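# Residue-level structural notes
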Amino acid sequence: MPWLLLLLLGSVAGVGYVGEKYTVYTLGQDKKRYENLLDDACHKTARLRVELDTMQVPRTLESRIKELNLGLVQPQPEQILRLVEPTAGGTAGRSGTEPFVNQGAGAQPPRPQAPASYALAPAMRSSLPR
Amino acid sequence: MDYPLQNRRLLFVTFLTILAFCGLAYRLVDLQAFQHEDLRKKAQANTIRTFFWEPRRGDVRDIKGNLMATSRQVKTVCVDPTLICNTNVGNHQAEVARALAPLLDLQESELLKQLQIQYLTNQSGQLVPDRYVILKRKVKVEDWEKVRARINDLSFGTDEKTVPKRLRPYYRALRQRSVFAEDAQLREYPNGRQAAHVIGYVGVEERKANKGWVIETSGKDGLELTLNGSLTGVRGWRVTEQNEHKQELVVYREQDVNPRPGLTVVSTLDLGLQNIVETALEEGMQKYSPLSASAIAVRPRTGEIAALAVLPNYDPNDPSKYDPEWRRNRVITDLNEPGSTFKVVAVTGALNEHVVNPSTVFDCENGKFFYAGRLLHDTHPYGELTVEQVITKSSNIGAAKIALLLGQERFRSYITNFGFGYQTGLPLPGERQGTVHPLAAWNKLSITRVAMGQEVAVTPLQMAMMMSAIANGGRLMRPMLVNRLEDEEGRVVAQYQPQAIRTVCTPATARMMIEALKTVVTTNGTARKARLANYTAAGKTGTAQKSAGKEGYSGQHFSSFIGFFPADNAELCVAIFLDNPHPIYFGGETAAPVFKAIAERAGNYLNIKPEFIAVESLENSPHASAREAAVVATD
């Protein structure tokens, strides 16, 4: 009887080993499939990102504006209302009446700080609707 | 009982059996030990595969993040003609050609020719069929999907269910492997010709790898070339095993390294400003018909190049279609005598050395000055002019006399201090350093000729940087074209800072020079057409005769205007160069209006505070609040 038990144990171990090998193989196949899906998704994202960026370049936007006949033009200096920008430290820092002057590459107009009060120059204040 | 015969037979069989086992044992040892290395290599060659992944080439963007160059994934569609034209089963060339021609936008007859089996000679000298024929490059992924679907749908004149079992693998291979695609990248420039001379273009090279061909992209000109290393990225690879169906056995994957995409180059160019510059330059080209036109817009405080345009230009999406002359970046490669714009150097030197002051008076000899046995002319006869008026009127005689007072040693040192005779260091290929002769090569006349921009050869960029130095209080900056490098996630990998090369003159001298240059852009000056509606501009005109080598001067002219605005707090320096404009050729008449067109639009675009607003435009404004606001803005 012991030899039969041994044989049975051996058979079970063998089947288990093959089963595990098969599981590893199928997991590998699944991994490969998901990798392909991920690759496709990444490529699609990259493609869409390029398309979006291409649509946003000034040249494309300008041609679309012309196509759609929107009549958009650059504002003339006399059409620009320059608001006084509040600063964090009250009157310290930038002068309110001073417009943003591009300080070089990547410079952005400073964001208005938490709106304690948006002070307007007297002449502009008078032009606001009451 | 004795059975000698049987015993002998038994012994003989035993001997044979032992001999057979000995033979097998020897063979086993032979295979496992003696031939181990060879057989291992053969086994690995059958199963182990190495794949290389090409990295995505980095983008080029402008300072505001607008796309200037990008890479798109495309496919190279290939075919294995041996599967399509099988002598044992049948010839399916016509069917495949008919199916693919409309999808690949190719002629059916042309496609049929490509599907014919061609023979190649392999390394052993044997004739083998070519199983890798490229049908079309740069096929969009969407189009490739259609091709694949179409091939899968083809019946090949048979019903697969009724096909004999032995032929089924062939039809499966025909559908799955006869037409295949390799990954490739297509470099795209969404803005077409815009800033083509800065961005440059790429070329492709085919390289054998992994039993196939890899198409490598490398920069050939412009930033694409100088920053090729950063843009290219690093290739990835995977070492793995495949089964007999060419499916990867993931569990036996040994090495797996992802490619590292190339870095994104963020240029200092501003595409909005570039558009303004190119539009104005095109208008100038149409109006004055020069051979070529160039413009540079520099931020004087940092040396950043905000726009750089050269006409005629080309489309980097297809550079081979254009004349190589059009692909030359004339701003850094073309050398010309600068003409009157160079008077700024002599006058700045003299002011800085306190040899003269702006009100020092010079006799301009009524337009004819004999010096060293030669006659020097002015365009118009002038009597006495102050130093400031010499600049205003662009008097050759006045400039020559100022240079004579300065002396040739000091004059030459100012020329080299302004960067003439040296490369500026702009990261673009092909920059020339120009010609400034050593003092030993100067004759007695040279100092008077160099003062008015003759006997020296300079690039347009050197001239723009010289004027920017004046606008920047005398500090000469190194021109910047790259602001930073970013990785795929937008993290900054390298940030470039403005670099001051040297201080050429004191801020006080620069201020005096600016005051003189402001007068050029007045009704008394040579560049009244450069006057701006909302800003004070300063600048200098130049109209140089083009040199014809040893034969002296040709009848052609090189006209220029280099100016900056707002004059007292310069935000932008714009240099315009027109090569032989006609019929009018004076810089003040041709280049100055182009400067005006650019500066007025650029001031608006960059939101530079107007110094004054024309009264008539205020009165015409429909908005009362705008009129009031304008008053506030200009207070």
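A few words on the overall build of chain A. Scanning chain A from terminus to terminus reveals three helices and zero strands. Tracing chain A from N to C terminus, the helices and strands come up as α-α-α. Burial status across chain A gives 15% buried among its 130 residues. Taking the intrachain contacts of chain A between residues at least 6 apart in sequence as the baseline, contacts between residues at least 24 apart amount to 43%. Carbon and sulfur atoms provide 64% of the accessible area of chain A, an area that totals close to 10,000 Å².

This paragraph deals with the overall build of chain B. Each helix and strand in chain B was counted, giving 23 helices and 30 strands. Here the C-alpha radius of gyration of chain B, 37 Å, is well above what a compact globule of 635 residues would show, namely 26 Å. Projected onto the principal axes, the alpha-carbon positions of chain B cover approximately 150 × 60 × 50 Å. Sorting the 635 residues of chain B into buried and exposed places 52% on the buried side. When contacts within chain B are restricted to residue pairs at least 6 apart in sequence, long-range pairs at least 24 apart make up 69% of them. Per element, the accessible surface of chain B, about 29,600 Å² overall, is 51% carbon and sulfur. Placing the 75 positive and 68 negative side-chain charges of chain B at their respective mean positions leaves the two points 4 Å apart.

Bringing the domain arrangement of chain B into the picture now. Interfaces are often sized by the accessible area lost when the parts come together. Residues and elements named next belong to chain B. Under the domain assignment, chain B is made up of domain 1 (4-47), domain 2 (51-267) and domain 3 (271-620). Measuring from the centre of the C-alpha atoms in domain 2 to the corresponding centre in domain 3 gives 50 Å. The interface of domain 2 with domain 3 comprises 32 residues on the first partner and 31 residues on the second. For the domain 2 face of the interface with domain 3, the top three residues by lost area are Arg 193, Gln 194 and His 197, together amounting to 26%. Where domain 2 touches domain 3, the interface holds zero salt bridges. Our count for the contact surface shared by domain 2 and domain 3 stands at 16 residue pairs in polar contact (both at pLDDT 80 or more). Elements represented by at least two residues in the side of domain 2 that touches domain 3 include exactly β3 (67-79), β9 (179-188), α8 (196-199), α9 (222-226) and β15 (264-267). Class assignment for the residues of the side of domain 2 that touches domain 3 results in 15 nonpolar, 11 polar and six charged.

Residue and element names in this part refer to chain B. Across its 19 residues, helix α21 (residues 587-605) extends 25 Å between first and last C-alpha, which sits within 8% of the 27 Å expected from 1.5 Å per residue. Counting buried residues in α21 gives 14 out of 19 residues, a clear majority hidden from the surface. Asn 607 sits one or two residues past α21 and shows a positive phi near 60°.

It is worth spelling out the environment of Lys140(B) at this point. All names here are of chain B. Tracing the backbone shows Lys 140 in strand β8 (residues 133-140). Lys 140 gets classed as partly exposed once you look at its relative accessible area, which sits at 43%. For the pair Lys 140 and Leu 186, spaced 46 residues apart in sequence, the C-alpha separation works out to 9.3 Å.

Moving on, we get to the pattern of salt bridges. Side chains that differ in charge, positive against negative, can pair when their charged atoms come close. All names here are of chain B. Tallying each qualifying case throughout the model produces 44 salt bridges over all chains. Among the ionic pairs, Arg 187 bridges to Glu 224, the shortest N-O distance being 2.8 Å. Here Arg 187, found in strand β9, pairs with Glu 224, found in helix α9; they are 37 residues apart in sequence, far enough to count as distant. In terms of burial, Arg 187 and Glu 224 fall into one category: buried.

On to the nonpolar core, then. Grouped burial of nonpolar side chains is what soluble globular proteins tend to show. Residue and element names in this part refer to chain B. Counting residues in hydrophobic clusters, the biggest one holds 123 residues, and the most contacted among them are Phe 411, Phe 420, Phe 565, Ile 576 and Phe 595. Looking at this core, the element that brings in the most residues is helix α19 (residues 460-471), giving nine residues. Taken domain by domain, the makeup of this core includes at least three residues from each of domain 2 (51-267) and domain 3 (271-620). Each residue touching Ile 576, except ones within four places of it in the same chain, is listed here: Leu 281, Ser 294, Ala 295, Ser 559, Ser 560, Phe 561, Ala 591, Val 594, Phe 595 and Ile 598. Among the nonpolar cores identified, the runner-up in size contains 28 residues, and Ala 99, Leu 104, Leu 106 and Leu 115 belong to it.

Residue and element names in this part refer to chain B. Reading across the sheet, the five strands line up as β17-β16-β30-β29-β28 and stay open at both edges, with antiparallel pairing between neighbours. The sheet is open, and its two borders are formed by β17 (304-311) and β28 (538-547), each paired with just one other strand. Each adjacent strand pair in this sheet contributes to an overall mean axis angle of 10°, direction not counted. For strand β29 (residues 553-565) and strand β30 (residues 572-579), the ladder comprises eight bridges, and the chain directions are antiparallel. Bridging across to β30, Ser 560 finds its partner in Phe 577. Lying on the sheet, α21 is in contact with β28, β29 and β30; it crosses β29 at an angle near 30°.

Extensive coverage of helix α14 (residues 343-352) of chain B is indicated by the burial of 10 of its 10 residues. Among the residues of α14(B), those classed as buried are Lys343(B), Val344(B), Val345(B), Ala346(B), Val347(B), Thr348(B), Gly349(B), Ala350(B), Leu351(B) and Asn352(B).

Now for a nonpolar patch on the surface. All names here are of chain B. Residues Phe 12, Val 13, Phe 15, Leu 16 and Leu 19 make up a contiguous nonpolar surface patch of about 500 Å² in total accessible area. Tracing the backbone through its elements, the reader meets Leu 16 in helix α1 (residues 4-34). By relative accessible area, Leu 16 is classed as partly exposed at 40%.

Bringing unusual backbone geometry into the picture now. Residue and element names in this part refer to chain B. In this structure, Pro 312 follows Leu 311 across a cis peptide bond, with omega equal to 0°. Its location among the elements puts Pro 312 in the loop between β17 and α12 (324-327). Backbone geometry places Ala 195, a non-glycine residue, at a positive phi of 55°. Checked against the element boundaries, Ala 195 lands in the loop between β9 and α8. Residues other than glycine seldom take positive phi values, yet Ser 394 does so here, at roughly 60°. Residue placement: Ser 394 occurs in the loop between α15 (387-393) and α16 (396-406).

Going through the model one piece at a time under the given rule, you end up with 12 aromatic pairs over all chains. A centroid spacing of 6.0 Å and a plane angle of 45° characterise the contact between Tyr132(B) and Phe180(B), whose relative ring orientation is tilted. Linking Tyr132(B) in the loop between β7 (127-129) and β8 with Phe180(B) in strand β9, this pair joins segments that are 48 residues apart in sequence. For Tyr132(B), a relative accessible area of 18% puts it in the buried group. Accessibility expressed as a relative area gives 22% for Phe180(B), which makes it partly exposed. Each ring, one from Tyr201(B) and one from Tyr314(B), has its centre 5.8 Å from the other, and the planes form 90°; the classification is edge-to-face. Separated by 113 residues along the polypeptide, Tyr201(B) in the loop between α8 and β10 (202-209) and Tyr314(B) in the loop between β17 and α12 bring together distant segments of the chain. Tyr314(B) matches Tyr201(B) in its accessibility class, with the two residues each being buried. Its guanidinium or amino end placed over the ring of Tyr34(A), Arg33(A) lies 5.3 Å from that ring's centre, counting from NZ or CZ.

About the thresholds
Residues numbered from 1 in each chain as written. Chains lettered and ligands numbered in written order. Predicted model: local features only at pLDDT ≥ 70, side-chain atom pairs only at ≥ 80, totals over all residues. Heavy atoms only, no water. Helix = DSSP H or I, 4+ residues; strand = E, 2+ residues; numbered from the N terminus. Buried < 20%, exposed > 50% of the residue type's maximum accessible area, 1.4 Å probe, protein only. Contact = heavy atoms within 4.5 Å. Areas by Shrake-Rupley, 256 points an atom, 1.4 Å probe, with all protein chains shown as cover. Rg over C-alpha atoms; globule rule 2.2 N^0.38 Å. Lys, Arg positive; Asp, Glu negative; His and termini not counted. Charge placed at Lys NZ, Arg CZ, Asp CG, Glu CD. Domains from an automatic or database assignment. Buried area = accessible area lost by both parts, 1.4 Å probe. Salt bridge = Lys/Arg side-chain N within 4 Å of Asp/Glu carboxyl O. Polar contact = N/O pair within 3.5 Å; in protein donor to acceptor, adjacent residues only side chain to side chain. Nonpolar A, V, L, I, M, F, W, Y, C, P; charged D, E, K, R; others polar. Expected span 1.5 Å × (residues − 1). Core = buried A, V, L, I, M, F, W, Y, C linked by side-chain atoms within 4.5 Å. Pairing = 2+ DSSP bridges. Axes fitted to C-alpha atoms, helices over the stretch in contact; angles between N-to-C directions. Patch = residues over 30% accessible without salt bridge, like charges linked within 9 Å, V, L, I, M, F, W, Y side chains within 5 Å. Phe/Tyr/Trp six-rings, centres within 6.5 Å; stacked < 30°, edge-to-face > 60°. Lys NZ or Arg CZ within 6 Å of the ring centre and 35° of its normal.

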